[in-house]
Structure formats: C-alpha cells, structure tokens
Amino acid sequence: NVSNTPSSGSTEPRQMVSAAPSISEQLIGIWYTEQQGPTDVGSINVRGTTEYFRNGTASTVMEVTVTERLPTGGDVAIVYDAVATSEWQLHNRELVEKQVDLKSQPRNVLINGIAIPLAQMDPSDLSEIPRLEDMLPNGTSSSSQLIDIQASHIRVGTKDQYGNIKMIDATRRDRHFSPQR
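All of these numbers come straight from a predicted model, not from anything done at the bench. (Residues numbered from 1 in each chain as written. Predicted model: local features only at pLDDT ≥ 70, side-chain atom pairs only at ≥ 80, totals over all residues. Heavy atoms only, no water.)

A few words on the overall build of the protein chain. The helix and strand tally for the protein chain stands at 3 helices and 9 strands. Order of helices (α) and strands (β) in the protein chain, N terminus to C terminus: α-β-β-β-β-β-β-α-α-β-β-β. When burial is assessed residue by residue, the protein chain has 32% of its 181 residues classed as buried. Considering only contacts in the protein chain between residues 6 or more positions apart, those separated by 24 or more positions represent 50%. Only carbon and sulfur atoms are counted for the fraction: they give 51% of the accessible area of the protein chain, which is about 11,800 Å². (Helix = DSSP H or I, 4+ residues; strand = E, 2+ residues; numbered from the N terminus. Buried < 20%, exposed > 50% of the residue type's maximum accessible area, 1.4 Å probe, protein only. Contact = heavy atoms within 4.5 Å. Areas by Shrake-Rupley, 256 points an atom, 1.4 Å probe, with all protein chains shown as cover.)

The subject of this paragraph is the nonpolar core. Ranked by size, the top nonpolar core spans 14 residues in total, and within it L27, W31, Y52, W88, L95 and I154 carry the most contacts. Sorting the residues of this core by element identifies β4 (75-91), β7 (141-149), β8 (153-159) and β9 (165-173) as the ones contributing at least two each. Listed in part, the 13 residues of the second largest apolar core include V64, Y80, A82 and L102. (Core = buried A, V, L, I, M, F, W, Y, C linked by side-chain atoms within 4.5 Å.)

Proximity of charged atoms lets side chains of opposite charge pair with each other. One pass over the full model with this rule turns up 7 salt bridges. Residue E25 pairs with R54 through a salt bridge whose shortest N-O separation is 3.2 Å. Note that E25 is positioned in helix α1 (residues 23-27) and R54 in the loop between β2 (42-52) and β3 (57-69), a separation of 29 residues in sequence. For D169, the salt bridge identified is with R155, shortest N-O distance 2.8 Å. (Salt bridge = Lys/Arg side-chain N within 4 Å of Asp/Glu carboxyl O.)

Residues other than glycine seldom take positive phi values, yet N92 does so here, at roughly 50°. Here N112, not a glycine, exhibits a phi torsion of approximately 50°, which is positive. Turning to its location among the elements, N112 is positioned in the loop between β5 (94-111) and β6 (114-117). In this structure N112 comes out as partly exposed when scored by relative accessible area, which is 49%.

Put into structure tokens, the structure is as follows:
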C-alpha cells in the first residue's frame, strides 16, 4: 500500500511522476523521409511516410525514382508509386525492418528529364519497364542505428551497399505521404 503523503510529515500529496515513454513507444506514428543514393548504374530516390504500429508492423507509402545513366549520355528515370508493409523490431537502439509485401505502379518515365506519359508509350516498351518488386523483393531486411529520437524528429544511421555510414532524418507527420501528380 503506497501513501500519497510524503514521509516528511507534510500533508501535501506527492506529485505522481509518469515514466518517460520507451524508445519503441516514441517510434509509434507516421514519419516522413527523403533518401537518395547511388546504384551500380545510376541512382535511386525515395520519399514517403512510414507508419510504425505497436504490434510490430509498419506501412509505407512512397514515391520511388530509379534513374539509369545511358551509355550514350543522358539518363532514363522511372517514377513509381508504391506501398509496402513490413515488420519491425527495436533492440538496443538497432531498428530492424523486414519487408513483407510491396506493391508498385510505374507513374511515368523521364528521358533526359522530359516526362513521357505511359499512355503515349508503345506497349512493347511498357513491358520493358522493370518491376520495383523485382528490385526490392519481399523478405528483404534492413538495419539502422537509432541515433536520436525527439517528439517530431528521428535520426538513424545506416550503411549503404558500399559500407558507408549514411544519416537519415525523419520528421513526424499527422498523415501519410501523397505523391504529387
């Protein structure tokens, strides 16, 4: 039985101190990020939101742009709208995420920065557009180190495919990402 009366004999009730939320609890919610990085033949840019749920799952809504440098100069970029679900765990500030499902739809193709609407492309050219699901297969896991977490900001450190540490910042949002068309 715990008394609210201080042991010093004062009759004023003690202030009940609530425990600070755990790091996992602070992660719950919607976070917006923008990331870019090199690939073997160009670059990949991703922007969108991830919502972390208490049950260890997450939902991501994103725009992914995959750019390939052409041997003749210039580049071709494919812009995808995508949604993904994943499972997440946090152990000693290490955030491990495993992709469960990814669905994507190419939105448009950019050739040297000029947008080509998919409706105007030859059907045989459309069949040559790579599936994002093949580039980012289900079951893929990633790991990042939680560097800082605040009420409206997260910073994680992750290694790119070359082993370089890259910092990624996320900001809290109240709704999911919606790509501009």
